[in-house]
Amino acid sequence: MGDFTTPAPHTDRAGGKGRTAKRGDAGAGKTNGGVRRAASSPGWPVRRAYAALDLGTNNCRLLIAKPSADGFVVIDAFSRVVRLGEGLASSGVLSDAAIERAIAALGVCAEKLRRRNVTLARSVATEACRRASNGQDFIHRVQRETGIWLDVITAQEEARLAVLGCHVLLEPGDGPALIFDIGGGSTELVLVSTGGAVPEIIDWKSAPWGVISLYESEMPNAANRDDRTAAYERMKARVRGSFSDFAARLPAGGPQHRLLGTSGTVTTLASLHLELPSYDRNQIDGLIVPSAAMLDICRRLSAMAPDERALQPCIGRERADLVVAGCAILETILKIWPAARLGVADRGIREGILRTLMAGTAGQGH
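Residues numbered from 1 in each chain as written. Predicted model: local features only at pLDDT ≥ 70, side-chain atom pairs only at ≥ 80, totals over all residues. Heavy atoms only, no water.

A.B. asks: Explain the sheet that holds strand β11 (residues 288-290) residue by residue, including any values.
C.D. replies: Strand order in the open sheet formed by six strands is β9-β8-β7-β10-β12-β11, and the pairing between neighbours is mixed. Each of the sheet's edge strands pairs with one partner strand only, and the pair in question is β9 (200-207) and β11. Between one strand and the next, the sheet's axes are offset by a mean angle of 25°, whatever the strand orientation. Pairing of strand β8 (residues 187-193) with β9 involves seven bridges; the strand directions are antiparallel. What sits directly across from V192, in β9, is I201. In this fold helix α13 (residues 322-336) packs onto β7 (177-182), β8, β10 (258-262) and β12 (341-345), with an angle of close to 165° to the strand it touches most, β7. (Pairing = 2+ DSSP bridges. Helix = DSSP H or I, 4+ residues; strand = E, 2+ residues; numbered from the N terminus. Axes fitted to C-alpha atoms, helices over the stretch in contact; angles between N-to-C directions. Contact = heavy atoms within 4.5 Å.)

Written out as structure tokens, the structure is:
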């Protein structure tokens, strides 16, 4: 990662619909790695549009942006919970219902790519498609029906892109820092050094526990509080076992260590910490929260019944079950890397993709 030295991006939320661009073909001109160029390059505008699409185990997310002096400006965005990995742990396949949900969301993304006249895009898929026996069949169906080619990336590439996308939010300091991404089907832990313009990965770990896979392992929604607590403890034990080899390699340290998390779990818990009535990215992205406060929220949520959690602002019914699994993962991370403060990032893989795309075309004169 040391050869990547472009300026850190500043991302803004998509502001309004803006002027409708000339329509193009989102599926034209596929190249290796899921990167697509427009069918014809002559006459590209100076500030062309780039896109990054991340199809995870739980969410489908798209960012479309144009370069700016300090990184890029987002001109359109999309996010939808699709639960692509629902039931995958027990069946080994992507279910028909999950596939239909994902393809419907990707169809919306394809229309946005056309409407915004995107000239360079990369679309990636992660743990659900890596694990499912019908993952490749799904990839080909997506291409046929939407024109989008999904590149099923490795866990290592997933970790690298997440670091590229959010590292600018790390607190200044000495010594290594830990960046983590709690996904739907896996969690990536990345130990980085921060002496250069871009952090260098020292060590990393991808564990097969994300909010969907861990939730489905225990289904911690029992009517009895003691049973819910016991299920929560079992979830933490599962995660602790998966992290054990990585934890053994971590350098000794304590509260001075820096920690940065990118996931729906940490942004949701940070919203609860601020007592926001509804989610506000401008208040969350880049927030630094005391770890003790986050642990307290985790323990309160884990003891609640699902209906109680659903009534919490910024959780709702969509996250009421999965947030407990995220809490179990976060608690385990704070156990193996006991930082006093937790940085919160509402950015990650998509921003890392955009930086890579823009750096690759910088100085080409288009």
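A.B. asks: So what's going on with empty space enclosed by the protein? Residues and values would help.
C.D. replies: All told, the structure shown has two cavities of 30 Å³ or more when counted by the stated rule. Volume-wise, the largest cavity comes out at about 60 Å³. For the largest cavity, the full set of lining residues is T57, G85, L88, A89, E127, A128, R131, G185, I212, S213 and E216. Going through the elements one at a time, α1 (88-91), α3 (127-131) and α6 (211-218) are the ones with two or more residues in the lining of the largest cavity. Class assignment of the residues belonging to the lining of the largest cavity gives a composition of four nonpolar, four polar and three charged. In this structure, the second largest cavity spans a volume of roughly 40 Å³. (1 Å grid on protein atoms, 1.4 Å probe; cavity = no way out; pocket = protein on both sides within 12 Å on 5 of 7 lines; lining within 4 Å. Points joined across faces, edges and corners; volume = space filled by probe spheres on them. Nonpolar A, V, L, I, M, F, W, Y, C, P; charged D, E, K, R; others polar.)

A.B. asks: Could you give an account of unusual backbone geometry, with specific residues and numbers?
C.D. replies: Of note in this structure, E275 is not a glycine but carries a positive phi near 60°. Along the chain, E275 falls in the loop between α8 (264-274) and α9 (281-284). A relative accessible area of 68% places E275 in the exposed class. Phi is positive for C314, which is not a glycine, with a value near 75°. Here C314 lies in the loop between α11 (306-310) and α12 (316-319). (Buried < 20%, exposed > 50% of the residue type's maximum accessible area, 1.4 Å probe, protein only.)

A.B. asks: Can you explain the layout of surface pockets? Please cite residues and give values.
C.D. replies: Roughly 1200 Å³ of internal volume is contained in the largest pocket. Around the largest pocket sit 50 residues that line it, and R61, S79, R319, D346 and R350 are the ones nearest its centre. When residues of the lining of the largest pocket are traced back to their parent elements, those giving at least two are β3 (59-68), β4 (71-81), β7, α8, α12, α13 and α14 (349-361). For the lining of the largest pocket, the element with the most residues is β4, which contributes six residues. Its residues assigned to classes, the lining of the largest pocket shows 16 nonpolar, 18 polar and 16 charged.

A.B. asks: With reference to specific residues and values, describe the packing of α6 against α13.
C.D. replies: The N-to-C vectors of α6 and α13 enclose an angle of 100°; their axes lie 8 Å apart at closest approach. In terms of their interaxial angle, α6 and α13 are classed as roughly perpendicular. Residues V211, I212, L214 and Y215 of α6 form the contact with α13, whose own contacting residues are L322, A325, G326, A328 and I329. For the contact of α6 with α13, the per-class residue count stands at eight nonpolar, one polar and no charged. (Parallel < 35°, antiparallel > 145°, perpendicular 65-115°, else oblique.)

A.B. asks: Lay out the environment of R350 in plain terms, naming residues and giving numbers.
C.D. replies: Secondary-structure assignment places R350 in helix α14. R350 gets classed as buried once you look at its relative accessible area, which sits at 12%.

A.B. asks: So, the side chain of E218: which residues are in play, and what are the values?
C.D. replies: Residue placement: E218 occurs in helix α6. For E218, the side chain forms a polar contact with the side chain of R238, separated by 3.0 Å. Setting aside chain neighbours within four positions, we find E218 in contact with A231, R234, M235 and R238. (Polar contact = N/O pair within 3.5 Å; in protein donor to acceptor, adjacent residues only side chain to side chain.)

A.B. asks: Outline the packing of helix α2 (residues 96-115) against helix α4 (residues 135-146), listing residues and values.
C.D. replies: In the contact formed by α2 and α4, the axes pass within 10 Å of each other and the chain directions differ by 40°. Taken together, the axis directions place α2 and α4 in an arrangement best described as oblique. As α2 runs across α4, the sense of the crossing is right-handed. Side by side, α2 and α4 meet where I99, E100, A102, I103, L106, G107, A110 and R114 of the first sit next to F138, R141, V142, E145 and T146 of the second. Classifying every residue of the contact of α2 with α4 by side-chain character gives seven nonpolar, two polar and four charged. (Left-handed = near helix turned anticlockwise from the far one by under 90°.)

A.B. asks: Account for helix α10 (residues 291-303), with residues named and values stated.
C.D. replies: Between the first and last C-alpha of α10 there are 19 Å, a value that for 13 residues agrees with the 18 Å anticipated at 1.5 Å per step. Among the residues of α10, those classed as buried are S291, M294, L295, I297, C298, L301, S302 and A303. On its buried face, α10 sits against α7 (225-249), α8, β11, α11, α13 and β12. (Expected span 1.5 Å × (residues − 1).)

A.B. asks: Break down the nonpolar core for me, citing the residues and quoting the values.
C.D. replies: Generally speaking, a soluble globular protein has its nonpolar side chains buried in company with each other. Core analysis: the biggest nonpolar cluster contains 50 residues, and F180, L259, L269, L301, L330 and I333 have the highest contact counts within it. Of all the elements in the fold, those that place two or more residues in this core are β7, β8, α6, α7, α8, α10, α13 and β12. If one sorts the elements of this core by residue count, α13 sits on top with 10 residues. In contact with F180, other than residues within four places in its own chain, are E188, L189, L259, L260, G261, T262, V266, L330, I333 and L342. (Core = buried A, V, L, I, M, F, W, Y, C linked by side-chain atoms within 4.5 Å.)

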